[in-house]
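# Fold and contact review
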Amino acid sequence: MNWIRTLGRYTLTGLQQLGRYGLFLFTTLIWTFSSPLKVGRVIEQMSFIGVKSTLIVMLTGAFTGMVLGLQGFYALSKFGGESMLGPTVALSLVREIGPVISALMITGRAGSALTSEIGIMRITEQIDALEVMALNPYRYLVIPNVVAAVLSFPLLGAMFDVLGIWGGYVVGVKLLGLSSGTYFGEMTVYLSSKDVFHGIYKSLSFGLIVAWICCYKGFTTEFGAKGVSKATTQAVVICSVLILVWDYFITSVSF
Amino acid sequence: MIEIKNLYKNFNGTPVLKGINLNVPNGGLLALIGRSGIGKSVLLKHVVGLIKPDQGTVLINGVDINDLRGKQLVEIRKQFGFLFQGGALFDSFTVYDNVSFPLREKTKLRESQIRERVLHELEHMGLKNDGHKYPAELSGGMRKRAALARALAMDPSIMLFDEPTTGLDPIIGQTILDYIQQCHQRLKFTGIIVTHEVTKVFNIVQQIAMIHSGEIIAQGSPEGIQAQHNPIFDQFVRGDTTGPVQYI
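Analysis parameters
Residues numbered from 1 in each chain as written. Chains lettered and ligands numbered in written order. Predicted model: local features only at pLDDT ≥ 70, side-chain atom pairs only at ≥ 80, totals over all residues. Heavy atoms only, no water. Pairing = 2+ DSSP bridges. Helix = DSSP H or I, 4+ residues; strand = E, 2+ residues; numbered from the N terminus. Axes fitted to C-alpha atoms, helices over the stretch in contact; angles between N-to-C directions. Patch = residues over 30% accessible without salt bridge, like charges linked within 9 Å, V, L, I, M, F, W, Y side chains within 5 Å. Areas by Shrake-Rupley, 256 points an atom, 1.4 Å probe, with all protein chains shown as cover. Salt bridge = Lys/Arg side-chain N within 4 Å of Asp/Glu carboxyl O. Buried < 20%, exposed > 50% of the residue type's maximum accessible area, 1.4 Å probe, protein only. Arc of directions from axis to C-beta. Contact = heavy atoms within 4.5 Å. Lys, Arg positive; Asp, Glu negative; His and termini not counted. Polar contact = N/O pair within 3.5 Å; in protein donor to acceptor, adjacent residues only side chain to side chain. 1 Å grid on protein atoms, 1.4 Å probe; cavity = no way out; pocket = protein on both sides within 12 Å on 5 of 7 lines; lining within 4 Å. Points joined across faces, edges and corners; volume = space filled by probe spheres on them. Nonpolar A, V, L, I, M, F, W, Y, C, P; charged D, E, K, R; others polar. Parallel < 35°, antiparallel > 145°, perpendicular 65-115°, else oblique. Left-handed = near helix turned anticlockwise from the far one by under 90°. Phe/Tyr/Trp six-rings, centres within 6.5 Å; stacked < 30°, edge-to-face > 60°. Lys NZ or Arg CZ within 6 Å of the ring centre and 35° of its normal. Right-handed = clockwise from strand over helix to strand, strands pointing away.

Turning our eyes to something else, we now look at the sheet that holds strand 9 (residues 207-212) of chain B. Residue and element names in this part refer to chain B. Spatial strand order, 6-7-8-3-9-10: six strands in an open sheet with mixed pairing. Pairing within the sheet leaves two strands with one partner each, and these edge strands are strand 6 (80-83) and strand 10 (215-220). Here the average twist between neighbouring strands, direction ignored, is 15°. Bridge analysis of strand 3 (residues 29-33) against strand 9 gives four bridges, and the strand direction is parallel. Across the sheet, the residue bridging to Ile33 is Met210, located in strand 9.

Set out below in structure tokens:
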């Protein structure tokens, strides 16, 4: 009967954890819409999450597009469909790869830093100090990050898409000899505004997920430096898995 | 007035506080002593509502802080100043910004008035020329003084000091205690000082309470508590390694 007890304990702990994640998100959303926004902090965090992630997003975007160009050309040439390279690259990037890979890259660069920064504030009692000063830590630490992430992710995702399409162009047109008109012409036929909005919605939701999980893990950090490192690792792993799981759901709903 | 009634707290099944009762009258200053890790800081955090008790009440001017939520909690916390053990200065702010932060956020003072107030506090703490430094650039003593300046900047009516002199050299430690005494005389705040420097606080507090095994085992005025000849208190004050309590 021990295994039933163990299973029950794990189930209860898991449900408690889920409840805490949910409560944190709920509180964050309530405060976001009911208290004045710290605009200065939002701009600061947009610079940290957004501007400082630009280079890494542009680099990964360009090379992902180039790989898509190569692989796409190889696959399409099997049945003489090279002319469809432009739409293939663009649709893959705009609907799927752009939002997902840019979100994963920002999680690694900015999400981990968010968790460790808030975690260190937690273990050094800086968050307690805010509370004792009768200041709401959500307003100062969580909401600016959530707003900054929700605004930055779609912009970075768009940047990823543009650089990716350019990368596909370099490979398809400049290296493999496809005509520039075919590459872009077919793209304008098959890529619709619906696809673009689909990518934007994904990026918006990924921004919320990353800021939510990373802030929560930082807020609940315990036990010194080891606790910060554990929280940071968990935040990155949970965000990465959630991004992929949520991506499947949102794609299947709008398919 | 701070009234702690029948306070109990467990952490992961380990009892830390077991029915604590304490009263600090308005304008009174109480020193809370006891060995390290016994729950003094935990008790202090209950007073300001950072930790919720398993049982018991913490009344601040007759209101149970654990019953308060939202704006009511914010209002009562405006009365508090808290000096954390490690200072809890915001590491991304300079010393000047740390001290001015609560004034900027919680008052309608003009920037020139804030500047005047902050410089006054920093001067008192001997940090007049260190306002531009970040906490990481400060020594332990300077960090504690900066934190004290921040805690006192809002002229609190209740002040909680968590080991204000721990880790400091005796002169700086005494300077800080003198400053706490001056501020107490000026602001007439109600306060609790968690400390190990028992003899040094005799002159500045009206009451001393000793916590041991989760309970208050001795309490009274500095003269009264010494007259009680509680063996655990006496051993602690003398720093004896032998006595009723085995420390190691």
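That was the structure; now back to the text.
Further remarks concern a nonpolar patch on the surface. Together, Val237, Val241, Val245, Trp246, Tyr248 and Phe249 of chain A make up a nonpolar patch on the protein surface, roughly 590 Å² of accessible area in all. Turning to its location among the elements, Val245 of chain A is positioned in helix 9 (residues 224-253).

Okay, helix 2 (residues 70-77) of chain B next. By the burial criterion, the buried members of helix 2 of chain B are Leu73, Ile76 and Arg77 of chain B. Summarising the axial view, the buried residues of helix 2 of chain B lie within an arc of 100°, below the 170-degree limit, and thus occupy one face. Where helix 2 of chain B is buried, its residues contact helix 5 (126-132) of chain A together with strand 4 (55-60), strand 5 (63-64) and strand 6 of chain B.

Turning our eyes to something else, we now look at the side chain of Glu121 of chain B. Residues and elements named next belong to chain B. Here Glu121 shows up in helix 4 (residues 111-124). This buried residue, Glu121, is left without a salt bridge; Arg186 holds the nearest opposite charge, at 4.5 Å. A polar side-chain atom of Glu121 sits 3.1 Å from a polar atom in the side chain of Tyr179. Beyond its immediate sequence surroundings of up to four residues, Glu121 is in contact with Ala149, Leu152, Ala153 and Tyr179.

All names here are of chain B. The element strand 9 is extensively covered by neighbouring structure, given that six of its six residues are classed as buried. Burial of the side chains of strand 9 extends over both faces: Gln207, Ala209 and Ile211 are buried on one face and Ile208, Met210 and His212 on the other. Two elements, strand 9 and strand 10, share five bridges in a ladder whose sense is antiparallel. Bridge pairing in strand 10 places Ala209 opposite Gln219. From the end of strand 9 to the start of strand 10, which pair antiparallel, there are two residues, and Ser213 there has a positive phi angle of about 50°.

Our focus in this paragraph is unusual backbone geometry. Residue and element names in this part refer to chain B. If you check the backbone angles, Glu163 has positive phi at about 50° while not being a glycine. Inspection of the secondary structure assignment puts Glu163 in the loop between strand 7 (158-162) and helix 6 (170-187). When its relative accessible area of 8% is taken as the criterion, Glu163 is described as buried. Positive phi is not limited to glycine here, since Lys188 has a value of about 55°.

What follows is about the pattern of salt bridges. Scanning the entire structure with this criterion turns up 16 salt bridges over all chains. Measuring nitrogen to oxygen at the nearest pair gives 2.9 Å for the salt bridge that ties Glu105 of chain B to Lys38 of chain A. In this pair, Glu105 of chain B is assigned in helix 3 (residues 95-106) and Lys38 of chain A in the loop between helix 1 (2-34) and helix 2 (39-49), connecting two distinct chains. Owing to a relative accessible area of 27%, Glu105 of chain B belongs among the partly exposed residues under this scheme. Exposure remark for Lys38 of chain A: the relative accessible area of 18% places this residue in the buried category. Residues participating in the shared-partner salt-bridge network are Arg122, Glu125 and Asp128 of chain A together with Lys45 of chain B.

Take the sheet that holds strand 5 of chain B next. Residues and elements named next belong to chain B. Ordered in space as 2-1-4-5, the four strands form an open sheet in which the pairing is antiparallel. Where the open sheet ends on each side, the last strands, each with one partner, are strand 2 (14-24) and strand 5. Strands in contact with helix 1 (residues 40-47) are strand 1 (2-11), strand 2 and strand 4; relative to strand 1, the strand with the most contacts, it is inclined by about 125°.

On to the layout of surface pockets, then. Reported here for the second largest pocket is a volume of approximately 540 Å³. If you trace the second largest pocket, you find 22 residues lining it, with Arg41, Glu44 and Tyr140 of chain A together with Ser92 and Phe93 of chain B closest to the centre. Going through the elements one at a time, helix 2, helix 4 (85-123), helix 5 and helix 6 (137-175) of chain A together with helix 3 of chain B are the ones with two or more residues in the lining of the second largest pocket. Residue contributions to the lining of the second largest pocket peak at six residues, all from helix 2 of chain A. Classifying every residue of the lining of the second largest pocket gives eight nonpolar, five polar and nine charged.

Next up on the list: the packing of helix 1 of chain A against helix 8 (residues 193-219) of chain A. Residues and elements named next belong to chain A. Between helix 1 and helix 8, the least distance of the axes is 10 Å, while the angle of their chain directions is 115°. As summarised for this structure, helix 1 and helix 8 are arranged roughly perpendicular, according to the angle between their axes. Crossing of helix 1 against helix 8: the hand is right-handed. Contact residues: helix 1 offers Gln17, Arg20, Tyr21, Gly22, Phe24 and Leu25, while helix 8 offers Leu208, Trp212, Ile213, Cys215, Tyr216, Lys217 and Phe219.

This part is about the packing of aromatic side chains. Taken as a whole, this structure holds 17 aromatic pairs over all chains when the rule is applied. Of note, Arg122 of chain A hangs over the ring of Phe219 of chain A, and the distance from its end group to the ring centre comes to 5.3 Å.

Residues and elements named next belong to chain B. Extensive coverage of strand 8 (residues 190-194) is indicated by the burial of five of its five residues. Bridge count between strand 3 and strand 8: four bridges; the pairing is parallel. Bridge pairing in strand 8 links Ala31 to Ile193. The pairing of strand 7 with strand 8 spans five bridges and is classified as parallel. Bridging across to strand 8, Met159 finds its partner in Gly191. You can see the chain leave strand 7, run along helix 6 and come back into strand 8, and the turn it takes is right-handed.

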